[in-house]
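Residue-level structure breakdown
Each chain is listed here by its residues.
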Amino acid sequence: MRILLIGSKGQLGSELNISLKKYGEIIDSDRSKLDLENHEKISLYIEQIHPTIIINASAYTNVEEAEDNEILASKINFKAVSILAQISKKLDILLIHFSTDYVFDGTKKDPYLEDDLPCPINIYGKTKLEGEKAIQESGCKYYIFRVSWLIGKYGSNFAKKIIYFAKNKETLKVINDQKGVPTSPRLIGEVMNHLIKSYQTNSIWDFGIYNLNPRGEASWFIIAKFIINFINEMDNKNSFLVKSVQPVSTNEFKTKAKRPLNSLLDNSKLEKVLGYELNDWESYFINDLKEILHNSL
Ligand SMILES: NC(=O)c1ccc[n+]([C@@H]2O[C@H](COP(=O)([O-])OP(=O)(O)OC[C@H]3O[C@@H](n4cnc5c(N)ncnc54)[C@H](OP(=O)(O)O)[C@@H]3O)[C@@H](O)[C@H]2O)c1
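What comes next concerns the included structure. From a predicted model like this one, the values you see are computed outputs, not experimental measurements.

Conventions used here
- Residues numbered from 1 in each chain as written.
- Predicted model: local features only at pLDDT ≥ 70, side-chain atom pairs only at ≥ 80, totals over all residues.
- Heavy atoms only, no water.
- Pairing = 2+ DSSP bridges.
- Helix = DSSP H or I, 4+ residues; strand = E, 2+ residues; numbered from the N terminus.
- Axes fitted to C-alpha atoms, helices over the stretch in contact; angles between N-to-C directions.
- Contact = heavy atoms within 4.5 Å.
- Buried < 20%, exposed > 50% of the residue type's maximum accessible area, 1.4 Å probe, protein only.
- Arc of directions from axis to C-beta.
- Polar contact = N/O pair within 3.5 Å; in protein donor to acceptor, adjacent residues only side chain to side chain.
- Right-handed = clockwise from strand over helix to strand, strands pointing away.
- Salt bridge = Lys/Arg side-chain N within 4 Å of Asp/Glu carboxyl O.
- Parallel < 35°, antiparallel > 145°, perpendicular 65-115°, else oblique.
- Left-handed = near helix turned anticlockwise from the far one by under 90°.
- Near = heavy atom within 4 Å.
- Areas by Shrake-Rupley, 256 points an atom, 1.4 Å probe, with all protein chains shown as cover.
- Nonpolar A, V, L, I, M, F, W, Y, C, P; charged D, E, K, R; others polar.

Description of the sheet that holds strand β4 (residues 94-100)
Taken in spatial order, the six strands make up an open sheet running β2-β1-β3-β4-β5-β8, and their pairing is parallel. Edge strands, defined here as strands with exactly one partner in the open sheet, are β2 (25-29) and β8 (208-212). Recorded for the sheet is a direction-independent mean angle of 20 degrees between the axes of neighbouring strands. Two elements, strand β1 (residues 2-6) and strand β3 (residues 53-56), share four bridges in a ladder whose sense is parallel. Across the sheet, Leu4 pairs through a bridge with Ile54, a residue of β3. Helix α5 (residues 123-138) rests against β4, β5 (141-147) and β8 of the sheet, and its axis sits at about 155 degrees to β4. Those strands touched by helix α7 (residues 185-200) are β1, β3, β4, β5 and β8, and its axis lies near 160 degrees from that of β5.

Here it is, written out as structure tokens:
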């Protein structure tokens, strides 16, 4: 089975490039092989490779900069995705795509379900939602996985920033009124393994949108505290300056892009097809944190 992995050098793509190797031929594609801004080249590239499955782990992910770069964000998160969906329909390719909790406005009290009405409050979320809709309207075979707060060992992320600041500052101020959970790329890799196995054996999951994040609830502050507590246990060389982490509200941080206050996604639809419950976020996060720290100490 030939799998084309687009965005293979990102946080998620790097992990999938390793965890899906066992499925035969993985063709990993980064910007140097396929630039998604180059819309006229996308279909030709896919036609030449003619994969069984496309996994699109690429996206314009800079939430802040998207506020000033809507045209570029839309080119990658909407228009390029729309072309991927159309060519997938034409060539009968399965399209696996990733979206985000940021398609919601965060005003719901409980975790979001797949069919809750999206209402993005920033440009990144708006362009990601347009990408979702383009896939749905194309008529291709697709899975869209909405994930939240991606944190793993590859690329740049919140945990790496906290570790950097913990080395250089005594007090950290971290937002405490945005609810969500960190999602490990490794967990996504595990779910992709199950999905591809089921696809290979014809016990195919229903096509559509699935939420994909671990169980539990956290905030950026709770995750930062978790990291600092762990650092304090591990750091026998005293390489960290940090002494305390203080909770602050979203209003105290001036950002261009608005963030939803509730990013929790209900994953019961996914757990049903998997046939087991996902663990709480801490059990995935601790392993990623160990690896991140191992590389930074
Ligand atoms: N990060 C999060 O917290 C988060 C949360 C929810 C959902 N998601 C979703 O999860 C997926 C994976 O996110 P991630 O954090 O792994 O993203 P990432 O680390 O920013 O990686 C995105 C990848 O897309 C590639 N890309 C961007 N523009 C491109 C272009 N014009 N042509 C070709 N490739 C291009 C990037 O290549 P370059 O390195 O060359 O730019 C990069 O390798 C995305 O769909 C994202 O929307 C992420």
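Considering helix α6 (residues 158-168)
Spacing of three or four residues puts side chains on the same side of an α-helix, whose turn is 3.6 residues. For α6, the complete set of buried residues consists of Phe158, Ala159, Ile162, Ile163 and Ala166. The arc enclosing the buried residues of α6, seen along the axis, measures out at 135 degrees, which places them on a common side. Where α6 is buried, its residues touch β6 (171-175), α8 (220-234) and α10 (281-296). Its side-chain oxygen placed 3.2 Å from the backbone nitrogen of Ala159, Asn157 serves as the N-cap of α6.

Concerning the pairing of β2
Pairing geometry for β1 and β2, over five bridges, is parallel. By the bridge assignment for β2, Leu4 is matched with Ile27. Note that the unit made of β1, helix α1 (residues 11-19) and β2 has a crossover that is right-handed.

Description of the pattern of salt bridges
Inspection of the entire model under this criterion finds 18 salt bridges. Across the salt bridge formed by Asp30 and Lys9, the nearest N and O atoms sit 2.4 Å from each other. Of this pair, Asp30 sits in the loop between β2 and α2 (39-49) while Lys9 is found in the loop between β1 and α1, placing the two residues 21 residues apart along the sequence. Between Glu132 and Arg146 there is a salt bridge; the shortest N-O distance is 2.8 Å. With Glu132 in helix α5 and Arg146 in strand β5, this residue pair connects regions lying 14 residues apart in the sequence. Beyond isolated ion pairs, a larger network of salt bridges with shared partners links Lys153, Arg186, Asp288 and Glu291.

Concerning the environment of Lys161
Mapped onto the elements, Lys161 comes out in helix α6. A relative accessible area of 48% places Lys161 in the partly exposed class.

Observations concerning the packing of helix α4 (residues 70-91) against α5
Remark: α4 packs on α5, axes separated minimally by 8 Å, with the N-to-C direction vectors making an angle of 15 degrees. In terms of orientation, α4 lies roughly parallel with respect to α5. The handedness of the crossing between α4 and α5 comes out as right-handed. Contacts between α4 and α5 involve Glu70, Ala73, Ser74, Asn77, Phe78, Val81, Ser82, Ala85, Gln86 and Lys89 from the former and Ile123, Tyr124, Lys126, Thr127, Lys128, Glu130, Gly131, Ala134, Ile135 and Ser138 from the latter.

Looking at the pairing of β5
The buried count for β5 comes to six of seven residues, which makes it a mostly enclosed element. As paired strands, β4 and β5 are joined by seven bridges and run parallel to one another. Note on β5: the bridge partner recorded for Leu94 is Lys141. In terms of handedness, the path from β4 via α5 over to β5 forms a crossover that is right-handed.

Let's talk about the site of the ligand
The environment of the ligand is made up of 23 residues, and the closest members are Leu12, Arg31, Thr61, Tyr124 and Lys128. The contact in question runs from an oxygen atom of the ligand to an N or O atom on the backbone of Gly10, over 3.2 Å. Note that an oxygen atom of the ligand is positioned 3.2 Å from one of the backbone N or O atoms of Ala59. Relative to its free-state accessible area of 900 Å², the ligand is covered by the protein chains to the extent of 80%. Listed by contribution, the elements that provide at least two residues to the shell around the ligand are α1, β4 and α5. In terms of residue count, the dominant contributor to the shell around the ligand is β4 (three residues). Taken together, the residues that form the shell around the ligand break down as eleven nonpolar, six polar and six charged.

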